[in-house]
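Inside the fold
The chain contents come next:
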Amino acid sequence: MTQLFRSLIFVPGNNSRFLEKAKTLQADIVCFDLEDSVPDAEKTTARKLIKSALKSRKSYKSSIFVRTNSPLSGKIPADLKEIVQKGIDGIVIPKVNNTTELKKIEKIISGLEKTRKLKPVQLIPSIESAEGVVNTYEIASCSKRVSAVVFGVFDLLNDLGVEYTKESEGAKYSRRKIPVDARAAGIAAIDAIWQDLKDTKGLEKDCKVGKSLGYSGKSIIHPDHISVTHKLFHPNKSEILWAEKVCKTYLASTKKGKGATTVDGKMIDEVHFKQAKALLDLVK
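Scoring rules and cut-offs
All chains use their own residue numbering, which begins from 1 and follows the written sequence. In keeping with the model being predicted, local features are shown solely for residues with a pLDDT of at least 70 and side-chain atom pairs are shown and tallied solely at 80 or more, while totals for entire chains, interfaces and linings include all residues. To obtain the side-chain values, all non-hydrogen atoms of the structure were included, while hydrogens and water were left out. Put simply, a disulfide is two cysteine sulfurs that come within 2.5 Å. UniProt positions are given in the numbering used here, feature names are shortened, and annotations may be inferred rather than shown by experiment. Counting from the N terminus, the helices are DSSP H or I runs at least four residues long and the strands are E runs at least two residues long. Residues grouped as a nonpolar core are buried Ala, Val, Leu, Ile, Met, Phe, Trp, Tyr and Cys residues, joined through side-chain atoms within 4.5 Å. The cut-offs for exposure are 20% and 50% of the maximum accessible area for each residue type, with area from a 1.4 Å probe on protein chains only; residues under the lower value are buried, those over the upper are exposed, and the others partly exposed. Contact definition: two residues touch when any of their heavy atoms are within 4.5 Å. All the domain ranges listed were derived from an automatic or database domain assignment. For any pair of parts, buried area is found by adding up, for both, the accessible area (1.4 Å probe) each one loses once the two are put together. What makes a salt bridge here is a side-chain nitrogen of Lys or Arg within 4 Å of a carboxyl oxygen of Asp or Glu, nothing more. What qualifies as a polar contact is a pair of N or O atoms within 3.5 Å, subject to a donor-acceptor requirement within protein and to the restriction that residues adjacent in sequence count only when both atoms come from side chains. Basically, the charged four are Asp, Glu, Lys and Arg, the nonpolar ten are Ala, Val, Leu, Ile, Met, Phe, Trp, Tyr, Cys and Pro, and anything else, Gly included, counts as polar. Only centres within 6.5 Å qualify two rings of Phe, Tyr or Trp (six-membered ring in Trp) as a pair; their planes then separate them into stacked at under 30 degrees, edge-to-face at over 60, and tilted for everything else. Two limits define a charge over a ring: the Lys NZ or Arg CZ must be within 6 Å of the ring centre, and within 35 degrees of the ring normal. Pairing between strands is defined by DSSP: at least two bridges between them are needed. Interaxial angle, 0 to 180 degrees, is taken between N-to-C directions of lines fitted to C-alpha atoms, where a helix line uses only the stretch in contact.

Glancing now at the state of the cysteines. Under the criterion given, the structure shown has zero disulfides. With no disulfide of its own, Cys142 lies 18 Å from the sulfur of Cys31, the closest cysteine sulfur. For the unlinked cysteine Cys207, the closest cysteine sulfur is that of Cys31, found at 18 Å.

Below you can see the structure in the form of structure tokens.
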């Protein structure tokens with residue numbers, strides 16, 4: 001696991017000013033949004049703006065992901081047609097309930113990658129329902145593309161018929177189960193959004209709780225939360241050791257005139273090497 005997941009910030013895909021501003025953000029993942037932050041009447045415009053932004057990929061400092069609409073919305077094929085382009089690193093799929101939904105999406109992505117001659121795109125399913133929580137391990141382990149899962153607390157509570165509070169009892173079981181299932185599948189888990197933008201102390205406390213549960217980072221909606229999450233979700237010892245192993249193995253492979261190789265049975269290439277090196281540079 002060499003991609004950093006300390007912060008995943010959602011940026012409304014229908015706002016050209018925000019998309020431009022995202023070039024300066026220091027989040028580990030900038031996620032252009034096509035779902036909750038975009039009204040139905042502006043979905044088409046958002047797709048076009050995101051497609052255009054991907055052409056300027058080199059201007060962004062972070063990994064670039066896009067959050068599509070949900071599997072049940074019927075909008076994903078149209079989303080993928082526009083966003084599976086050169087420059088995209090991954091896709092966040094909201095409200096994933098089961099592996100069947102994810103496999104259908106993966107099939108579309110594979111076809112677009114082949115036609116457009118693109119490198120494999122990462123997937124981050126978002127767990128936001130009772131069914132999704134029950135199926136988290138299966139979802140997390142159903143594809144090599146899946147690099148992390150996100151906990152979506154608000155829709156989960158809505159599904160359960162429970163009112164949101166900063167310490168919602170109804171979400172505690174799910175919040176604890178998701179990182180356990182993710183770790184068992186060998187991937188990262190990203191904690192839910194902290195909604196109160198002015199309550200920095202509350203955010204810090206929530207990050208500490210999330211890290212103690214096994215989360216690698218947090219999904220956020222405001223740039224001011226990036227520094228807090230980065231400070232509190234610093235890479236742990238196992239992530240550092242893994243990055244060291246990736247760098248050592250990949251450099252040895254290139255000296256032999258080879259490119260991609262494996263570490264502990266997992267394929268690594270130049271992208272993984274750069275991510276691992278970035279992590280090691282971060283902790284020096």
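The rest of the description comes next.
Before going further, it helps to examine the UniProt feature "domain: HpcH/HpaI aldolase/citrate lyase" (unreviewed entry) in the chain. In this numbering, the UniProt entry assigns the feature "domain: HpcH/HpaI aldolase/citrate lyase" (unreviewed entry) to residues 6-223. Taken end to end, residues 6-223 has its terminal C-alpha atoms 13 Å apart, with 43% of it in helix and 17% in strand.

As a further point, take the nonpolar core. Counting residues in each nonpolar core, the largest one holds 58 residues, and the members touching the most others are Val30, Phe32, Leu80, Ile83 and Ile91. Setting aside anything within four residues of it in sequence, one finds Ile83 in contact with Leu34, Ile50, Leu54, Val66, Thr68, Ile88 and Ile91. Among the nonpolar cores identified, the runner-up in size contains 13 residues, and Phe5, Phe10, Ile29 and Val150 belong to it.

Even without being glycine, Lys95 reaches a positive phi, approximately 55°. Relative to the elements of secondary structure, Lys95 occurs in the loop between β4 (90-93) and α4 (99-116). A positive phi angle is found at Asp264, which is not glycine, with a value near 55°. Assignment of secondary structure puts Asp264 in the loop between β9 (261-263) and β10 (266-268).

Domains assigned within the chain are domain 1 (7-233) and domain 2 (237-282). Once you take the C-alpha centre of each, domain 1 and domain 2 turn out to be 25 Å apart. At the junction of the two partners, domain 1 supplies four residues and domain 2 supplies four residues. Summed over both partners, the interface of domain 1 with domain 2 buries about 180 Å², with 20% contributed by carbon and sulfur atoms. Together, Lys119, Gly186 and Ser216 form the three largest contributors to the area buried by domain 1 at its contact with domain 2, with a combined 63%. Between the two partners, domain 1 and domain 2, sit zero salt bridges. There are zero residue pairs in polar contact (both at pLDDT 80 or more) connecting domain 1 and domain 2. Here the side of domain 1 that touches domain 2 is built from residues that sort into no nonpolar, three polar and one charged.

Another point: the packing of aromatic side chains. In this structure the tally under the stated criterion is three aromatic pairs. Measuring from centroid to centroid gives 5.6 Å for Phe32 and Tyr60, while their planes differ by 70°, and the two rings are edge-to-face. With Phe32 in strand β2 (residues 29-33) and Tyr60 in the loop between α2 (43-54) and β3 (63-67), the pair connects residues that are 28 residues apart, well separated along the chain. By the burial criterion, Phe32 is buried, and Tyr60 matches it. The side chain of Arg67 reaches across the aromatic face of Phe10, ending 4.1 Å from its centre. Across the ring face of Trp242, the terminal group of Lys266 is positioned such that the distance to the ring centre comes to 5.6 Å.

Below, the discussion takes up the sheet that holds β2. The strand order β1-β2-β3-β4-β5-β6-β7-β8 describes a closed barrel built from eight strands, whose pairing is parallel. Geometrically, the sheet is characterised by an average inter-axis angle of 25° between neighbouring strands, direction not taken into account. Pairing between strand β1 (residues 7-12) and strand β8 (residues 217-220): three bridges, direction parallel. Its bridge partner lying in β8, Leu8 is registered against Ser219.

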